[in-house]
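Structural description and commentary
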Amino acid sequence: MISKALLRCKKIKGQLIWRFAWSFSCCRQPSPCCVFSLFTPILYDTHIMFSCFNLSSVIPLFNTHHRTCAWGGFSDVGRNLFYLISCVSSLFIAGKDITFVAKVDSSSLTRKPAMKWLKGKWLDLASKAGKHMQFKETYDRNTKIYTYEMSIIKVVDGDAGGYRCEVTSKDKCDSCTFDISVQEEQQANILEAFKRSGDAGEDAGDLDFSALLKKREKKQEIPKEEVDVWEILKAAKPCDYEKIAFQYGITDLRGMLKRLKMMKKTEPEKTDAFLRKLDDAYSVEKGKKITLTVEVADPDVQVKWLKNGQEIKPSAKYVFESVGNKRSLTINKCNLSDDAAYECVVGEEKCFTEVFVKEPPVTITKLLDDVHTVVGERVDFEVEVSEEGANVKWMKDGVEINRDTAGSKYRFKKDGKKHMLIINEATKEDVGMYYAFTTGGESKAELEVEEKELEVLQSIADLTLKAAEQAVFKCEVSDEKVTGKWFKDGVEVQASDRIKMTHIGRIHKLTIDDVKPGDAGDYSFVPDGHALSISAKLNFLDPPKIHLDTSLGNKNTIIVVAGNKVRLDVEITGEPAPTVLSATEGRVRVDMRKTLCSLVLEGAERSDEGPYTITVTNPAGEDKAELFVKIVDVPDPPENVKCTSVGEDNATVTWDAPSFDGGVPVKGYLMERKKVGSSRWTKLNFDVYESTTYEAKKMIEGVLYEMRVFAVNSIGISQPSGNSKPFMPIAPTSEPTCLTVDDVTDTTCALKWRPPEKIGAGGIDGYIIEYCKEGSDQWVQANQQPVEKNQFRVKELPAGEKMLFRVVCVNMAGRSPPATLAQGVTIREIMENPKIRLPRHLRTKLISLVGEKVNLVIPFQGKPRPIVTWFKDGVPLDDKTVGTRTSEVDSILFIRSAERAHSGKYTLHVQIENMSDSADIEIQIVDMPGPPIAVTVTDVWGFNAALEWKPPKDDGNCEIIGYTIQKADKKTKEWFTVYEHNRRPSCTVSDLVMGNEYSFRVFSENICGLSNDAGISKNTAVIIKTGLAYNPAPYKEKDMNCSPKFTAPLVDRSVVAGYAAAISCAVRGYPKPKIIWMKNNMIIGEDPKFLMQNNQGVLTLNIRKPGLFDGGRYTCRAINDLGQDEVECKLEVRVFFNLGVGTPCGVAWNSNGVA
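Rules behind the numbers
- Residues numbered from 1 in each chain as written.
- Predicted model: local features only at pLDDT ≥ 70, side-chain atom pairs only at ≥ 80, totals over all residues.
- Heavy atoms only, no water.
- UniProt positions renumbered as here; feature names shortened; annotations may be inferred.
- Helix = DSSP H or I, 4+ residues; strand = E, 2+ residues; numbered from the N terminus.
- Buried < 20%, exposed > 50% of the residue type's maximum accessible area, 1.4 Å probe, protein only.
- Contact = heavy atoms within 4.5 Å.
- Areas by Shrake-Rupley, 256 points an atom, 1.4 Å probe, with all protein chains shown as cover.
- pLDDT = per-residue confidence, 0-100.
- Pairing = 2+ DSSP bridges.
- Axes fitted to C-alpha atoms, helices over the stretch in contact; angles between N-to-C directions.
- Salt bridge = Lys/Arg side-chain N within 4 Å of Asp/Glu carboxyl O.
- Core = buried A, V, L, I, M, F, W, Y, C linked by side-chain atoms within 4.5 Å.
- Polar contact = N/O pair within 3.5 Å; in protein donor to acceptor, adjacent residues only side chain to side chain.
- Phe/Tyr/Trp six-rings, centres within 6.5 Å; stacked < 30°, edge-to-face > 60°.
- Patch = residues over 30% accessible without salt bridge, like charges linked within 9 Å, V, L, I, M, F, W, Y side chains within 5 Å.
- Lys, Arg positive; Asp, Glu negative; His and termini not counted.
- Charge placed at Lys NZ, Arg CZ, Asp CG, Glu CD.

As named in an unreviewed UniProt entry, the protein is Myosin binding protein C, fast type a, taken from Sphaeramia orbicularis. Here the protein is described in UniProt, under the heading Sequence similarities (unreviewed entry), as follows: "Belongs to the immunoglobulin superfamily. MyBP family."

What follows is the structure, given as structure tokens:
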């Protein structure tokens, strides 16, 4: 709560500084929401700055204002802790600099706050940063305060308007709005108008009189004779310059002399780049356009245009032109922001000028009207000016009326160019002359207010009549002597044969005979001499009538294309205006206007087709009309598109007509084709094709194609049909070749042939075999499905008959020419001697490993089918582990898992009647050998040892091809190979190490590999070392017993309540010591809250979710028979308490109760 405010004023070095010191009275108890702030608005001569220093965790926002400024209090926005310091709208002098400063304390914020400066509602001023508007941000690490500054350099009229300062931090946001008004500086003499262009100080730039051009006067005054000081200075002697400058208030003598020097130059300065430079200054009226033109020496050179030192980019406002040596800049719709210094740059050379924008005076386009009213009525004075946003000054009898003096009696209203002064309730005191002033004109009006006397005893009633009826309007006023006039729609009613007006006492009557439609309207009675009007309305009844368009044809049919919007406007007449009672239900919407009823259907669909009824009515009657809406659309896609036949480069495609023709007949079809896998469709016809069968030509043989078809009617083209199944343009193959008879039996005949010489891109799908009796032409197909192989056996043939055979090749293109046997074939059995064709690899011994599969296929021939028998070692094969399978042309012997017992001689015997043939197959099954036996070290000498052994008992059913010898010393017991593939059962091992004792082992080897086990030598070979003796030192056992001693102590800790904690130490001692944990010298027993662990002497005490009562001194004691040792530490437990909702801080208590 703000208790008081102190205002102090102090003048320091010509600068006026206002200081506001605010003091606060706070609650009895401290609260985190208390704010202690010092707001210091500092006013300089041309630089106005307001700053806010906040010492709490809130975010203050503020506005800068004119020197006459009022500060408001604080605004608390909920729990967000955002505070606003709002200021009243202020006025600034044009040409001055303004700086806005905001300071934000971020000590309690989790992240950096975001500051935005906005103009109006949405314009972010950060996008306008530049020479005219500058932004600055600093941060003090010591105080954690962010400082944000926004500076407006040389404020102009365009800077006027509403501003908003907005700050956000996470989900908190607050803002403050304020208005800035800019006023032209009132200049008393030429000194105030004198300024320099540029920003370098007193000595830079040229003299600039733009302030004089911008000066406006609100009232029309008699123009005074202007004195041209520069003409006086040019005509004066140099010794009189100082006197003239003092007389006219010129203080910048150096700039004045420089200006005179430039004015006295008779010829313009010659340059290499410019043939003609810009004029010194240009003047243009606001809203008009201006063109700046220079002539350059090089017609191809590029120029740059600058405004106040910033490069201008081409746009709708700034238009660049280049014609020959001329370069032009056109500025469209000039406003006050275009009043600036402009430069034209060519390479390193420049030329300068200034553009002055003159604002035309605001004139009054619509004058005030005199008002005559009675007491208590509202009065509106309205004036219309030439420009929007202009200021209008209101006065009454020479006294200004403004918002400060208006109170609740007057209200001001603006609507574009219209300005209104409203008097809510007129009184006798409001009588007088009212004025409206603008910068370019004025208007006045007189207000007369009379007392309200006349009363209406009976008002006029509204009438609703039909044609030829009589209308009577009657009213009664309080004064019998009062006369008046009758008006219809604001026009005075004149008496006639039909219209009679009577006045009897206090009653005034208007009678209209034979009422017609033109009599309908608003009637009013206005008493003479009184601001009173009594009104009523005459409604004429006319039965409704629906006027349909005769162009709709029979049965009022409307044809609509599907998907289009339907809008049928039906004219309806009748008084009063008829209303639509009903229309056929559906998606139809009815829109009513004065004499027009519109039926609207959005996006017509097929379901919308049907009859519709419109019914309109009014008090005079009812009328109906029926319509039929027919929906037409593009047809459905054609169906069942398929290829019926193909040729070498063509194909015939057929399809079915669409199921729905769209309501209009189908004109024809459009066809497209594409290659399978491609997405590019090729049109086959551009003119509509009427038939449903089409032959596509000019296709590539062997390429798969797809077809689709579009249906066409008068509405448009349908969607494409589904793609046809892929088809390939191909030609049939040539006839098969080399047709021969392979075999003949009593009822069958086997044929063989070769593929055709010409196959084509379609390939071969198979072969068809046909036969017939010799002398007949009735061919019978032997196979139902084409066969892929080049051989086939025709069965169920009549025995003894002479048959003819032929073979046809088929593919996608159809049947090829047939290949026919030249002579008939007699169906009877052919005898062939049996013969075994033994494979080459079975003519020698077949060796296989134990466990492997044995699968022997042995082909044979013979007719009729021979009898096959298998023998092993001359005895018929009767082993269940050996299987056989025999077909017409071969016999198979297979063993799933070979064993040694399967070794032997197998014989295949085939027999046809008394003819036979046989073949022998020798199989040997081998396995790993056994280990050598009786491995013995027979002799040792020097570094050598002699070994002998005997062959293994089991040779694996094959010859032993060698031995592998390995050695190992007794120290490392690692085996190393000495010899491989040793043929003899003995060897000599050399290069043994002196002093080592060696063992030896031997592996036997056959064609299957090394034996699984080795034969190990029964004795060892010791390589004796002579001349050295080793005398080891006596062994003394170390005593490991020691008393407990802690190698790592306990450490004091501070933990947070509710989170698991642990304390640790390390101890050593032998025998293993007993560990005891104590809290405050009390032994911790089997408390489940504590968990004690001992890992190789590392002792840990775990405390589950400690509380305040778990704080204290903890001791760890280690005891054994030789002594004891102990360590201790202090454990502090901290607990946080929240002070309340929205409080960003808390209080911590430790286990000792200290905050």
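So that's the structure; there's more coming.
Bringing the overall build of the protein into the picture now. Each helix and strand in the protein was counted, giving six helices and 94 strands. Residues classed as buried in the protein amount to 37% of the 1155 residues present. Intrachain contacts of the protein at a sequence separation of at least 6 include 60% that bridge at least 24 residues. If you sum the accessible surface of the protein, you get close to 68,200 Å²; carbon and sulfur atoms cover 50% of it.

Of the residues in the protein, 84% have a pLDDT of 70 or more, and the chain-wide mean is 80. In this model, residues 214–221 is a region of pLDDT below 50 whose contacts with residues beyond four sequence positions or in other chains number 13 contacts. Confidence over residues 1139–1147 falls short of pLDDT 50; this stretch has 11 contacts with residues more than four positions distant or in other chains.

Looking along a regular strand, one sees side chains alternate from face to face of the sheet. Most of strand β38 (residues 471–477) is tucked away: five of the seven residues are buried. In this sheet, β38 lies alongside strand β36 (residues 456–458) in antiparallel orientation, the contact comprising two bridges. Following the sheet pairing, Gln-458 is matched in β38 by Glu-476. The pairing of β38 with strand β42 (residues 507–512) spans six bridges and is classified as antiparallel. The residue bridging Val-472 from the neighbouring strand is Thr-511, located in β42.

This brings us to the sheet that holds strand β56 (residues 693–696). Strand order in the open sheet formed by three strands is β52-β53-β56, with antiparallel pairing between adjacent strands. Looking along the sheet, the strands with just one partner apiece sit at the ends: β52 (639–646) and β56. Each adjacent strand pair in this sheet contributes to an overall mean axis angle of 25°, direction not counted. Here strand β53 (residues 651–656) pairs with β56 via four bridges, running antiparallel. Paired with Thr-654 across the strands is Thr-693, a residue of β56.

As enumerated under the stated definition, the model contains 33 salt bridges in all. Residue Asp-338 is joined to Lys-317 by a salt bridge in which the shortest nitrogen-to-oxygen separation is 2.9 Å. With Asp-338 in the loop between β24 (326–331) and β25 (340–346) and Lys-317 in the loop between β22 (310–311) and β23 (318–323), the pair connects residues that are 21 residues apart, well separated along the chain. The exposure class of Asp-338 is buried, given its relative accessible area of 0%. Taking the shortest distance from any N to any O, the salt bridge between Arg-815 and Glu-770 comes out at 3.2 Å. On the criterion of sequence distance, the pair formed by Arg-815 in strand β64 (residues 814–815) and Glu-770 in strand β60 (residues 766–773) is long-range, its members being 45 residues apart. Of the residues examined, Arg-815 reaches a relative accessible area of 43% and is grouped as partly exposed. In this structure, a network of salt bridges that share partners links the residues Lys-307, Lys-317 and Asp-338.

Next up on the list: the nonpolar core. For soluble globular proteins, nonpolar side chains are generally found buried alongside one another. Judged by nonpolar contacts, the single largest core of 25 residues is most densely connected at Leu-292 and Trp-305. Elements with a contribution of two residues or more to this core: β19 (281–285), β20 (290–296), β24, β25 and β26 (349–358). Counting residues in each nonpolar core, the second largest holds 22 residues, with Val-383, Val-392, Ala-426 and Tyr-434 among its members.

This part takes up the environment of Ser-891. With respect to the helices, strands and loops of the structure, Ser-891 is situated in strand β73 (residues 890–895). Sequence spacing of Ser-891 and Val-910 is 19 residues, and the spatial spacing of their C-alpha atoms is 10.0 Å. Ser-891 has contacts with Leu-856, Val-857, Ile-858, Phe-860, Val-868, Trp-870, Arg-885, Thr-886 and Leu-908, leaving out every residue within four places of it along the chain. Within polar-contact distance, the side chain of Ser-891 engages the side chain of Thr-886 at 3.2 Å.

Applying the stated criterion across every chain yields a total of 14 aromatic pairs. Centroid distance Phe-381 to Tyr-434: 4.8 Å. Interplanar angle 25°. Geometry classified as stacked. Of the two residues, Phe-381 sits in strand β29 (residues 379–385) while Tyr-434 sits in strand β34 (residues 432–438), which places them 53 residues apart along the sequence. The pair Phe-381 / Tyr-434 is uniform in exposure class, with both members buried.

Residues Asp-369, Asp-370, Glu-446, Glu-448, Glu-450, Glu-451, Glu-453, Asp-479 and Glu-480 make up a contiguous surface patch of negative charge. If you trace the backbone, Asp-479 turns up in the loop between β38 and β39 (484–488).

So, about the pairing of strand β30 (residues 393–396). Strand direction decides the pairing type here: β30 and β34, joined by four bridges, are antiparallel. Residue Trp-394 lies in a different strand from β34, and its bridge partner there is Ala-436. Note that β30 and strand β31 (residues 399–401) share three bridges and pair antiparallel. Considered in β31, the bridge of Lys-396 is made with Val-399.

The subject of this paragraph is the side chain of Thr-511. Of note, Thr-511 is situated in strand β42. Look at Thr-511 and you get buried, because its relative accessible area is 14%. Thr-511 has contacts with Gln-470, Ala-471, Val-472, Arg-498, Ile-499 and Lys-500, leaving out every residue within four places of it along the chain.

For the rest of this paragraph, the subject is the sheet that holds β42. An order of β36-β38-β42-β41 is seen for the four strands of this open sheet, with the pairing classed as antiparallel. Single-partner strands in this sheet number two, and they are β36 and β41 (499–504). This sheet shows a mean twist of 25° between the axes of neighbouring strands, independent of strand direction. Bridge analysis of β41 against β42 gives six bridges, and the strand direction is antiparallel. Its bridge partner being in β42, Ile-499 is matched across the sheet by Ile-512.

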